[in-house]
Amino acid sequence: MRNIVVALLFFLTALPAAGASFDHSYRLWNSDLKQFNEGGYIHYGAWQRNRDRLERYIAAMQAVSLPEISAWSASQRLAFWINAHNALVVSRLLDVYPNVRDLRKKRWLIAGQDLTITDIRDKILRGSESRVFLLSDVMGQDTSMAAGSDLRILFAINEGSNASPPLAGTAYTADRLSAQLDRQVRATLANLSFLRIEPKLKIFHVAGFFRTFQRDFKQYQGNSLMFGRSSGGDKGLLRFIFPYLGKPMQQVLLAKQTVRWRVDYRMSPHSLNGGE
């Protein structure tokens, strides 16, 4: 009996902690981002000739089971799926580079699920299945990074195109996730190709990216007193953008908060966000 107890104790202590078998520091993905991502310009040619780390990272990602993911924190799950989406976009582009074709038909088996890149973006990170993949049945107090309620996630999703926010230079990790998402939103909104405001004309010129996710931004409430006279579909977007603006622009907008602002959605060219 004593031998059985000793053996059982040895077995239990040898088990890895929840999530320990997966590298949540994303060492392989980080190394690739540092080598091939130059401020959002992706060196696909060089990356295509050096795919070993990326393939090892994707293999590790595919080896994770849904029960294992369910034992992780919400922030760990969210970081996992954002990085998964972006890595698979890169992988698919490397498959076809220099010709750019439809990236979203290929399917991957991840967490025991047969998924496309679109499934990860729209069903997991944005949509109806986010609770299944990102939130366990009993979350306790760990509900801080629920998908579908945090619009910053949209800015972390890279589509391999200049029409989408740039690919971040480091992997998203649970311990820094909120700060990383904030930084990504600010960097995107500081880019004039994504946002330009003309206070005298009362116009926000925004990239086509915001029209793609117009339904998501429409649901955002924020400060319900801001932009009250703007059209219903644009209020959420303007209220989301406001806190990320510099103080001088915020002061200008506050002085004109009773004005009806117009949003000009510009079509962005879907050119590849990199080259050799």
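Refer to the structure presented above.
Not measured: the values here are computed from a predicted model.

(A) Main features of the overall build of the chain. Of regular secondary structure, the chain possesses 14 helices and 8 strands. Across the 276 residues in the chain, those meeting the buried criterion constitute 48%. Taking the intrachain contacts of the chain between residues at least 6 apart in sequence as the baseline, contacts between residues at least 24 apart amount to 68%. Here the chain has roughly 13800 Å² of accessible surface; of this, 54% comes from carbon and sulfur atoms.

(B) Spotlight on the environment of proline 166. Within the element layout of this structure, proline 166 appears in the loop between helix 9 (153–156) and helix 10 (177–189). For the pair formed by proline 166 and phenylalanine 155, sequence separation is 11 residues and the distance between their alpha carbons is 8.2 Å. Residues within four places of proline 166 in sequence aside, it is in contact with Gly40, Asn158, Gln184 and Thr188.

(C) Geometry of empty space enclosed by the protein. Under the counting rule described, the total for this entry stands at 1 cavity of 30 Å³ or more. Lining the largest cavity are Trp29, Leu33, Asn83, Asn86, Leu167, Ala168, Thr170, Ala171 and Tyr172. Elements that contribute at least two residues to the lining of the largest cavity include exactly helix 2 (27–36) and helix 6 (74–96). Class assignment for the residues of the lining of the largest cavity results in 6 nonpolar, 3 polar and no charged.

(D) Up close: the nonpolar core. In terms of nonpolar packing, the biggest core is built from 47 residues, with Trp29, Trp47, Leu54, Tyr57, Phe80, Trp81 and Ile110 touching the most fellow members. Mapped onto this core, the elements with two or more residues apiece are helix 2, helix 3 (44–48), helix 4 (52–62), helix 6, strand 3 (108–110), helix 7 (117–125), helix 9 and helix 10. Per-element accounting of this core gives the leading share, 12 residues, to helix 6. Once you skip the residues sitting within four places of it in the chain, tyrosine 57 turns out to touch Phe22, Tyr26, Leu28, Trp29, Asn83, Ala84 and Ala87. Residues Phe194, Ile197, Phe227 and Phe242 belong to the second largest nonpolar core, which totals 28 residues.

(E) Geometry of the packing of aromatic side chains. Per the counting criterion, the structure on display carries 22 aromatic pairs. Ring centres 5.4 Å apart and planes at 65° place the aromatic pair tryptophan 72 and phenylalanine 80 in the edge-to-face group. Residue classification places tryptophan 72 among the buried positions, given a relative accessible area of 3%. By relative accessible area, phenylalanine 80 is classed as buried at 0%. With a centroid separation of 5.4 Å and 40° between ring planes, the pair formed by phenylalanine 240 and tyrosine 244 is classed as tilted. Overall, phenylalanine 240 belongs to the buried group, its relative accessible area being 4%. On the basis of relative accessible area, tyrosine 244 is assigned to the buried category, the value being 15%.

What counts, and at which threshold
Residues numbered from 1 in each chain as written. Predicted model: local features only at pLDDT ≥ 70, side-chain atom pairs only at ≥ 80, totals over all residues. Heavy atoms only, no water. Helix = DSSP H or I, 4+ residues; strand = E, 2+ residues; numbered from the N terminus. Buried < 20%, exposed > 50% of the residue type's maximum accessible area, 1.4 Å probe, protein only. Contact = heavy atoms within 4.5 Å. Areas by Shrake-Rupley, 256 points an atom, 1.4 Å probe, with all protein chains shown as cover. 1 Å grid on protein atoms, 1.4 Å probe; cavity = no way out; pocket = protein on both sides within 12 Å on 5 of 7 lines; lining within 4 Å. Points joined across faces, edges and corners; volume = space filled by probe spheres on them. Nonpolar A, V, L, I, M, F, W, Y, C, P; charged D, E, K, R; others polar. Core = buried A, V, L, I, M, F, W, Y, C linked by side-chain atoms within 4.5 Å. Phe/Tyr/Trp six-rings, centres within 6.5 Å; stacked < 30°, edge-to-face > 60°.

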